[in-house]
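# Working through the structure, step by step
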Amino acid sequence: MIYVSTRDRMREVPSARAIMDGIAPDGGLYTPAALPTLTHALMEELKPLGYAGRAAKILSLFLTDFTAEELAEYTRAAYNPGKFAHPKGYPVSAPDVDGIAVRTLNKVENMLELYWGPTSAFKDMALQLLPYLLTASMKKCGETRTVCILVATSGDTGKAALEGFRDVPGTQIVVFYPREGVSDVQRLQMVTQEGDNVGVCAVEGNFDDAQTGVKKTFGDPEVRAELARHGRLFSSANSINFGRLVPQIVYYISGYLDLVRRGAIHDGERINICVPTGNFGNILAAVFAKHMGLPVGKLICASNANNVLTDFLNTGVYDCNRPFHKTLSPSMDILISSNVERLLYYISGGDTAYVRERMESLKITGRYEVNPELLREFTGICCDDTVTRATIREVFERDGYLIDPHTAVAVYAAREYRKRTGDDTPQLIASTASAFKFCAGVLEALTGHPADNDFDAIDRLAEYTHEPSPAPLTGLRGKDIRFSGCTTKDGISDAALKLLIK
Ligand SMILES: *Cc1c(COP(=O)(O)O)cnc(C)c1O
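As the structure is a prediction and not an experimental result, all values here were calculated from the model.

### Brief notes about the overall build of the protein chain
Of regular secondary structure, the protein chain possesses 21 helices and 16 strands. A compact globule built from 502 residues should have a C-alpha radius of gyration of about 23 Å, and the protein chain, at 21 Å, falls within 12% of that. Dimensions of the protein chain, computed from C-alpha atoms along their principal axes, come out at roughly 60 × 50 × 45 Å. Across the 502 residues of the protein chain, 59% fall into the buried class. For the protein chain, the accessible surface area stands at approximately 18900 Å², while carbon and sulfur atoms represent 50% of it. In the protein chain, 54 side chains carry a positive charge and 61 a negative one; their mean positions are 2 Å apart.

Set out below in structure tokens:
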């Protein structure tokens, strides 16, 4: 399997190099030159396996520098039941499908619950595995320096990356989060992080300030030289790194097989997939699964009030010249979705000049266009916070099912799609976070009353819904705060160096 830069198809690298570098030197994203095929024989082979076994087989199609034994070892370690555990042990279709659950709501709607990992959001599905892939990639490339992961987060990625990389030999991780932009739970999850190779620092300002400062630090030759003097180098754990995307392809295929196994669909039957989308990583993994041959019809892309993608997928015009909204679903508050660049590569038939032109236009004018005919497999649907709240309430009261605000945006989109089209094809809807992670918004949506603070909200939400709150979230209460530092956007380089080179 050959990887190319989305901006220059002559720039070819093997999978280990793509994962180690994170991003191509020309600013493009590494992506498979062509996608592998999901044969009937392989689907049969996957059927009886647990999640880790399925993941190892699917990864082997993409990560051809790795042996089957290596991938089996990494996936067993990453997806072990001690890390991914459904508190009630239901309704995992088979006991060996390590805690990754599909919950059927009715004849059409099936929820792909991806949040039973250690940080209560779907990002664990990739970030529990990435450290194994990254450290092995470095060995394969002959790189012996310590790898330093620098993360700017709006909340969920930072914690999931910290938890994935904690105490992994040969790695260090530093996370910067906006002081004003995260919930109490998200902040406490990060500043109480355990591990000897981790660092966390607040940034004055919003997510864009943190992101800008981190990007500048990455590209700063003086910082890189200082790191190199201390035997270190930078890499990325954001979804620009292909190592973040490939583990996500697995759960769409595995979810499909689970639906077949329990008789909700017959073998070969088409499904529609609906994903709440921010950086376009999670839905791109569904696109990959479909283009590999999984029987998928429509891809429904759900957005909040930051609806750049809704307009793009429906009209072909990507235009981020619009106001930025802070919403109840903060992990989807994003105007520049970096993984759309990989989509452009495939819909243009691998035309990297076509991609390059559009990315240049985006940089200069904040806008570009593509032929909308190329986007026909998608539907974009968005909703605001009022509709999000109403959906959380409706799903809890009518379906007896508790969802977080990101998932609520997806459920709304999935239902709205059926209303508009009458298409009753079975749906697989990505459920991306525990409602307890966004407890303040969920509690208010359900009861109409806000809570005093997030811990109060966790308790009241558990009481109101009779659902158990995830132990790692309730356990935050008594934990020591390890990282109380705060810096400005321009202080990020110094703060990073201080945390990395003690
Ligand atoms: C990150 C995140 C999303 C968006 O996923 P993308 O891959 O960025 O599109 C949706 N929901 C939750 C809870 C998230 O943490």
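From this point on, the discussion continues.
### With respect to the pairing of strand β8 (residues 198-203)
With respect to burial, β8 is a largely interior element, six of its six residues being buried. The side-chain alternation of β8 yields two buried faces, one formed by Val 198, Val 200 and Ala 202 and the other by Gly 199, Cys 201 and Val 203. By the bridge criterion, six bridges tie strand β7 (residues 171-178) to β8 in an arrangement that is parallel. When the bridges of β8 are listed, Phe 176 appears paired with Cys 201. Viewed along the sheet, the connection from β7 through helix α8 (residues 184-191) into β8 turns out right-handed. Judged from the two bridges that link them, β8 and strand β16 (residues 486-487) form a sheet pairing that is parallel. Its bridge partner lying in β16, Val 203 is registered against Thr 487.

### Re the environment of Ser 331
Within the secondary structure, Ser 331 sits in the loop between β12 (317-319) and α14 (340-347). Counting along the chain gives 178 residues from Ser 331 to Thr 153, while the straight-line C-alpha distance between them is 9.1 Å. For Ser 331, the contacting residues outside a window of four places in its chain are Lys 123, Ser 154, Asp 156, Gly 278 and His 406. A distance of 2.9 Å separates polar atoms of two side chains, one belonging to Ser 331 and the other to Asp 156.

### Structural notes on the site of the ligand
Taken together, 15 residues lie around the ligand, and Lys 123, Asp 156, Gly 278, Asn 279 and Thr 432 are the ones closest in. Contact distances for the ligand include 2.9 Å between an oxygen atom and a backbone N or O atom of Asn 282. The side chain of Ser 331 places a nitrogen or oxygen atom 3.4 Å from an oxygen atom of the ligand. Protein contact buries 96% of the 380 Å² of open area that the ligand shows by itself.

### So, the sheet that holds β16
In any sheet, the strands associate via hydrogen bonds between backbone groups, in a parallel or an antiparallel arrangement. Strands sit in the order β9-β6-β7-β8-β16 across an open sheet of five strands; the sheet is parallel. Every interior strand has two partners, whereas the edge strands, β9 (232-235) and β16, have only one. Strands β6 (146-152), β7 and β8 of the sheet are contacted by helix α7 (residues 156-165), whose axis makes an angle of about 165 degrees with β7. With respect to the sheet, helix α21 (residues 492-500) is in contact with β6, β7, β8, β9 and β16, its orientation differing from that of β7 by roughly 145 degrees.

### Things to note about the domain arrangement of the protein chain
By the assigned domains, the protein chain splits into domain 1 (102-120 + 243-436), domain 2 (121-238 + 478-502) and domain 3 (441-469). Across the contact, 17 residues belong to domain 1 and 22 residues belong to domain 2. Summed over the shared surface of domain 1 and domain 2, the result is zero salt bridges. Summed over the shared surface of domain 1 and domain 2, the number is five residue pairs in polar contact (both at pLDDT 80 or more).

### Re helix α18 (residues 439-447)
Within the span of α18, buried status applies to Cys 439, Gly 441, Val 442, Leu 443, Ala 445 and Leu 446. In this structure, the buried residues of α18 make contact with α8, α16 (385-399), α17 (405-421) and α19 (454-465). The positive-phi residue at the C-terminal boundary of α18 is Gly 448, with phi of around 80 degrees.

### Points about the pattern of salt bridges
Under the defined criterion, the tally for this structure stands at 33 salt bridges. A salt bridge links Asp 21 to Arg 17, with the nearest nitrogen and oxygen atoms 3.0 Å apart. In this pair, Asp 21 and Arg 17 are both assigned in helix α1 (residues 15-21), four residues apart and thus about one turn of the helix distant. Residue Arg 17 is classed as partly exposed on the basis of its relative accessible area of 33%. In this structure, Arg 166 and Glu 163 form a salt bridge, with 2.8 Å as the shortest nitrogen-oxygen distance. For Arg 166, a relative accessible area of 30% corresponds to the partly exposed category.

### Regarding the packing of α18 against α19
The geometry of a pair of packed helices is captured by two quantities: the angle between their axes and the separation between those axes. Between α18 and α19, the least distance of the axes is 9 Å, while the angle of their chain directions is 45 degrees. Taken as axis vectors, α18 and α19 run oblique relative to one another. α19 is crossed by α18, and the crossing has left-handed handedness. Here Cys 439, Ala 440, Val 442, Leu 443, Leu 446 and Thr 447 of α18 lie close against α19, whose contacting residues are Asp 454, Ala 457, Ile 458, Arg 460, Leu 461, Tyr 464 and Thr 465. Taken together, the residues of the contact of α18 with α19 break down into nine nonpolar, two polar and two charged.

Definitions and limits used
Residues numbered from 1 in each chain as written. Predicted model: local features only at pLDDT ≥ 70, side-chain atom pairs only at ≥ 80, totals over all residues. Heavy atoms only, no water. Helix = DSSP H or I, 4+ residues; strand = E, 2+ residues; numbered from the N terminus. Rg over C-alpha atoms; globule rule 2.2 N^0.38 Å. Buried < 20%, exposed > 50% of the residue type's maximum accessible area, 1.4 Å probe, protein only. Areas by Shrake-Rupley, 256 points an atom, 1.4 Å probe, with all protein chains shown as cover. Lys, Arg positive; Asp, Glu negative; His and termini not counted. Charge placed at Lys NZ, Arg CZ, Asp CG, Glu CD. Pairing = 2+ DSSP bridges. Right-handed = clockwise from strand over helix to strand, strands pointing away. Contact = heavy atoms within 4.5 Å. Polar contact = N/O pair within 3.5 Å; in protein donor to acceptor, adjacent residues only side chain to side chain. Near = heavy atom within 4 Å. Axes fitted to C-alpha atoms, helices over the stretch in contact; angles between N-to-C directions. Domains from an automatic or database assignment. Salt bridge = Lys/Arg side-chain N within 4 Å of Asp/Glu carboxyl O. Parallel < 35°, antiparallel > 145°, perpendicular 65-115°, else oblique. Left-handed = near helix turned anticlockwise from the far one by under 90°. Nonpolar A, V, L, I, M, F, W, Y, C, P; charged D, E, K, R; others polar.

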